[in-house]
Amino acid sequence: MTKKMSMSTSKTSLVLFLCQIISALDVPLDSKLLEELSQPPTITQQSPKDYIVDPRENIVIQCEAKGKPPPSFSWTRNGTHFDIDKDAQVTMKPNSGTLVINIMNGGKAEAYEGVYQCTARNERGAAVSNNIVIRPSRSPLWTKEKLEPNHVREGDSLVLHCRPPVGLPPPIIFWMDNAFQRLPQSERVSQGLNGDLYFSNVQPEDTREDYICYARFNHTQTIQQKQPISVKVFSMDSLNDTIAANLSDTDIYGAKPVTERQPVLLTPTGSASTKVELRGNVLLLECIAAGLPTPVIRWIKEGGELPANRTFFENFKKTLKIIDVSEADSGNYKCIARNALGSVHHVISVTVKAAPYWITAPRNLVLSPGEDGTLICRANGSPKPSISWLANGVPIAIAPEDPSRKVDGDTIIFSHVQERSSAVYQCNASNEYGYLLANAFVNVLAEPPRILTPANKLYQVIADSPALLDCAYFGSPKPEIEWFKGVKGSILRGNEYVFHDNGTLEIPVAQKSNAGTYTCVARNELGKIQNEVQLEIKDPTMIIKQPEYKVIQRYGQVSFECIIKHDSTLLPTVTWLKDNDELPDDERFLVGKDNLTIMNVTDKDDGTYTCIVNTTLDSVSASAVLTVVAAPPTPAIIYARPNPPFDLELTGQLERSIDLSWIPGDENNSPITSFVVEFEDALHEPGVWRYQTEVPGTQTMAQLKLSPYVNYSFRVIAVNRIGRSQPSEPSEQYLTKSASPDENPANVQGIGSEPDNLVITWEPLKGFQSNGPGLQYKVSWRQKDVDDEWTSVIVANVSKYIVSGTPTFVPYEVKVQALNDLGYAPEPSEVIGHSGEDLPMVAPGNVQVHVINSTLAKVHWDPVPLKSVRGHLQGYKVYYWKVQSLSRRSRRHIEKKILTFRGNKTFGMLPGLEPYSSYKLNVRVVNGKGEGPASPDKVFKTPEGVPSSPSFLKITNPTLDSLTLEWGSPTHPNGVLTSYTLKFQPINNTHELGPLVEIRIPANESSLILKNLNYSTRYKFYFNAQTSVGSGSQITEEAVTIMDEAGILRPAVGAGKGYSEILFATSPVMHTVRPTFYKVQPLYPRIRNVTTAAAETYANISWEYEGPDHANFYVEYGVAGSKEDWKKEIVNGSRSFFVLKGLTPGTAYKVRVGAEGLSGFRSSEDVFETGPAMASRQVDIATQGWFIGLMCAVALLILILLIVCFIRRNKGGKYPVKEKEDAHADPEIQPMKEDDGTFGEYRLFSFVSSAPI
């Protein structure tokens, strides 16, 4: 009985899925219709999950939704209801859920940090936003530190540390000098990914006192600088001079010269390291080495190649960048630093994981009462994400019950829905690297039919063209559509009509007889409606006199005609083009009603002229070429095609050649460039002229090659720059003498069609190849490798001869020779053929089966003798079938499977076997005729495997302290079940789990009562079956014991944990446990379905989150393809949308969403592009005189200040007080003006710094 129920359930699921595909309604995008239909809420816009706000501006947390009736909005903050009416600084926009927090009027952004979530609700359901984490950006001051000067010997390595303050989001680092110029970088000196400045070896020119590290905080538009770092490089020459000045001539002195050194890695350290990157992200690997000479960096991937088109080298090849990484990019990457003295390497082991990404996201479902449907939510990732469902924002396990709904893993199945079944469902797919959250509603509508196509709409089409008559409709259940011609006509049927699913009637070839009134009728069980449309058939537009090719002399006049015929009810427009472009704007071009006239023609008028006729329904065109030639002296020269040659004469007649001469016709002022000679064969192809040869225009005679037995006539055509002449009159006929054939038939083959024949075929010679009358063929054959004489037969002019009575599949030598009344062609070449095949006679022997595992076996056999094959050996076929399952001992319908192994192969693999089953197989040899006899059936058995999950797990009869568990055996036991394993643990509302209790249950049990449980407590159960091979997949279920009605509380265990003591009675399958509790996070949190909506300078980022309610989200973004660090924006609250501001117009950005505190998982990367900058309507201020004068004054003032500072510096450097002031001054925050890290515009502002000016 249990097995039958399981089969019935699976069949029902399949039927429901098919019904959903067939029955789900499509709602047309008709604005009036959409306003009238009820619809659950849909979130249309929300702030990003990680929302970093500017603490100086108001906080806007977006939440927009649509629905019918319009939804109401509510918010939670940090998991509890957020009453905005109690906070005067917070307002909600009218007809919207968007919150505006007033910071600019005394509020503090830090007071509103938190996790926000928006709910949009109407009578048909509730949609929820993502959790939006609100955090204000921070740009802290640089930590005070005392910087000692760096004294370095020439050739040594050096690292200048930046160590910027930790901001939100992290700053962008760059190095500059006191003059605000970027420090030059090279293979020897470069900035690392961490912001430090690396010197592979220092040189004397590196000496300076103004190495300054700058940190740019984009969100608050500020730049901070570190105190200047001093570097002093001592060269060996200066050191030797100092030593020499202090020693006598007899002393030994001199420092060692600069010593070359082999490479040493500055970063990363050691010989190996690891890195984990997410699928779709940019992988950045860095290697910086010290050494003299400066080492060169090279990158390789061990055991593979660096991916083409996605690999880039940056920072002088010290950084390897791979974009859009995938799991295939995992592996070991080696960087090798080499110079003339040696090399060093470092191996970075890269592992690519994947945040969840959609395979099938759930889609809105519109159903009629009583219909069926499904919501499917499928996602992938690494590791595999888990799927959970919510209904109207509530976990589906505790949501109000709906008898029409059944949850089956990643699918919700609906059957016989009613209007109360309407709801919004949320699917959450998550793993440790991110999550995806999708809202999808089920909207159950009962609506009578509506026709959306306007009444009495007029359709006009051209005759012989398709006519499409619309009947856009909507109704629930889906209406049936019928078409009638006329008001009381009969229903339209037949092949001359095509009925489309959207209600459109198509007449593929419309004729005049199809014109008239058509009625569309839509009906369902709630009503019926009809609509009439009109069809008119118009005559096609034609050009009855087209423009013709013209040759005109320069300065002449030319006219092109274009006379048209059109339907009297259509208004045509005629347009003329020259070379597919508009006519020149020249008064010489006169466009008339039916013609185009060009006056005073010039060389520029040469070209193609096209007449285009357009109506509202069709368009036609015709073209002609105008050739302009030079104006002749008086009388005017007329250029034209040459006249045809004449007076053709044949001389020098030979058997295989003849001489043809002619007199050229008038060339008409354009020199003849060539003559084309054509011939006619009056004997074989009368009336057909074929190309013979072509000679230069200066030649009036040609020697022509001839073939025997052809009755030749010749004609000549002259060619000049204008074109080809008419053909000349034909020459006299010349019949060449007959001869024996010069060639034999091609493509000779010998293939048998029956076991006792040989069919010889060939390609016959063409008529003029026969060389004479009486064309025949001599067909010869003999058995190969047998000392036989040739057997020959002469046949007529055919292409096939059948030799009967041959042995089966024997090789033959075959040849075909042409002959005619004058003799034979040359001796033909021989080809090898075979007589017909017959079925093989012998079955393969010694069939052996080696079982590899529970699902795979290898079969061996001995090959059959080639003589017994009696044909071309094509291979062997293995027939195998399951006899019975060893666990059930029940036979089923035998379904034989066939595997074919090509060629003379004597073994093969049998995949896809079922564990713990008995099989039979046999082997047969195959040739071109068919299969031979089967070998004796071979029986083999597959070993046990692990079972499938139990067919069901039901938890019934909940009491205060007990639950009853019932289960069904696995659908596929795949062996002998040895036992079941039950694991369970309590869960409370804060995601705390009790201890995991494991119980082993005998295989013959099908139910169990758990006693001494806690009252009003949720338990999670994990249940699987075992065979001797191992455990199968598990099935999970949750249940709750009922509330203690007496109100008596049991002693609590673990203060503050929310659990009571759980006691289990001791028995062979029960245990007494005093649990301890620990805090756990929900499995597989993830962020998915990151979407963007970009404007000119901002973008709305939204995402879906699966995981704990208290995740702290952030949004990271940067310019796509840039090597700069990601910018990070913190999202306050539990929202799942965020607005990125201050973006550059017309720029491609990359974006991803992450959550802190949950193993740092992130979403996959998305790319969007901001809109182009809009042209300003205001006057450009840079061109105004008052602005230019103001800027000149400011520049002069700055110049004076710089001179004063320079003088004070020279004076102040002489006093100790000045040195103390410089040593204790702090750098100040600087206003940011450029995004690229340069200071091109900063020269207009003063920087407050402790560095000397």
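Structure: see above.
Given the structure is predicted, the values throughout are model-derived calculations rather than measurements.

Student: Please set out the sheet that holds strand β22 (residues 283-286) residue by residue, giving values where relevant.
Tutor: With antiparallel pairing, the three strands of this open sheet are ordered in space as β22-β26-β25. Two strands in the sheet have a free side with no partner beyond their single neighbour: β22 and β25 (311-314). When strand polarity is set aside, the average angle formed by the axes of neighbouring strands in this sheet is 20 degrees. Bridge count between β22 and strand β26 (residues 319-322): four bridges; the pairing is antiparallel.

Student: Quick one: what's the story with the sheet that holds strand β53 (residues 589-591), residue by residue and with numbers?
Tutor: Whether parallel or antiparallel, the strands of a sheet pair through hydrogen bonds between backbone atoms. Read from one edge to the other, the open sheet built from three strands follows the order β49-β54-β53, with strand pairing classed as antiparallel. Edge positions in the sheet fall to β49 (558-561) and β53, since each has one partner strand and no second. For this sheet, the mean angle separating the axes of adjacent strands, direction not counted, is 15 degrees. Strand direction decides the pairing type here: β53 and strand β54 (residues 595-598), joined by three bridges, are antiparallel.

Student: Account for the side chain of Asp-50, with residues named and values stated.
Tutor: The topology assignment puts Asp-50 in strand β2 (residues 50-53). Using a relative accessible area of 0% as the deciding quantity, one classes Asp-50 as buried. In this structure the side chain of Asp-50 is engaged in a polar contact, spanning 3.1 Å, whose partner is the side chain of Arg-135. Here the side chain of Asp-50 touches Ile-1130 through a polar contact of 3.3 Å, landing on its backbone nitrogen. Among all residues touching Asp-50, those that are not within four sequence positions of it are Val-133, Arg-135, Trp-1103, Phe-1113, Tyr-1114, Val-1115, Lys-1128, Glu-1129, Ile-1130, Val-1131, Phe-1138 and Gly-1154.

Student: Give me the lowdown on the pattern of salt bridges, citing residues and values where you can.
Tutor: Counted by the stated rule, this structure contains 35 salt bridges. For Asp-605, the salt bridge is made with Arg-588, and the minimal N-O distance between the two is 2.9 Å. A residue pair is termed long-range when its members are at least 10 positions apart, and Asp-605 in the loop between β54 and β55 (607-614) and Arg-588 in the loop between β52 (581-582) and β53 qualify at 17 residues. The residue Arg-1152 makes a salt bridge to Glu-1116 at a minimum N-O spacing of 2.6 Å. With Arg-1152 in strand β95 (residues 1148-1156) and Glu-1116 in strand β92 (residues 1112-1119), this pair connects stretches of sequence that are 36 residues apart. Judged by its relative accessible area of 7%, Arg-1152 falls in the buried class.

Student: Give a description of the packing of aromatic side chains that names residues and reports values.
Tutor: Going through the model one piece at a time under the given rule, you end up with 24 aromatic pairs. What links up through ring pairs into an aromatic cluster is the set Tyr-435, Trp-1103 and Phe-1113. The ring centre of Tyr-357 lies 3.9 Å from the NZ or CZ of Arg-279, which sits over that ring. Against the face of Tyr-1114 rests Lys-1128, its NZ or CZ located 3.9 Å from the ring centre.

Student: Can you tell me about the environment of Val-347, naming the residues and giving the values?
Tutor: Looking at the element boundaries, Val-347 is found in strand β28 (residues 342-360). Separated by 16 residues in the primary sequence, Val-347 and Gly-331 place their C-alpha atoms 9.9 Å from one another. Setting aside its immediate chain neighbours within four residues, Val-347 contacts Ser-271, Ala-272, Ser-273, Glu-302, Asn-332, Tyr-333 and Lys-334.

Conventions and cut-offs
- Residues numbered from 1 in each chain as written.
- Predicted model: local features only at pLDDT ≥ 70, side-chain atom pairs only at ≥ 80, totals over all residues.
- Heavy atoms only, no water.
- Pairing = 2+ DSSP bridges.
- Helix = DSSP H or I, 4+ residues; strand = E, 2+ residues; numbered from the N terminus.
- Axes fitted to C-alpha atoms, helices over the stretch in contact; angles between N-to-C directions.
- Buried < 20%, exposed > 50% of the residue type's maximum accessible area, 1.4 Å probe, protein only.
- Polar contact = N/O pair within 3.5 Å; in protein donor to acceptor, adjacent residues only side chain to side chain.
- Contact = heavy atoms within 4.5 Å.
- Salt bridge = Lys/Arg side-chain N within 4 Å of Asp/Glu carboxyl O.
- Phe/Tyr/Trp six-rings, centres within 6.5 Å; stacked < 30°, edge-to-face > 60°.
- Lys NZ or Arg CZ within 6 Å of the ring centre and 35° of its normal.

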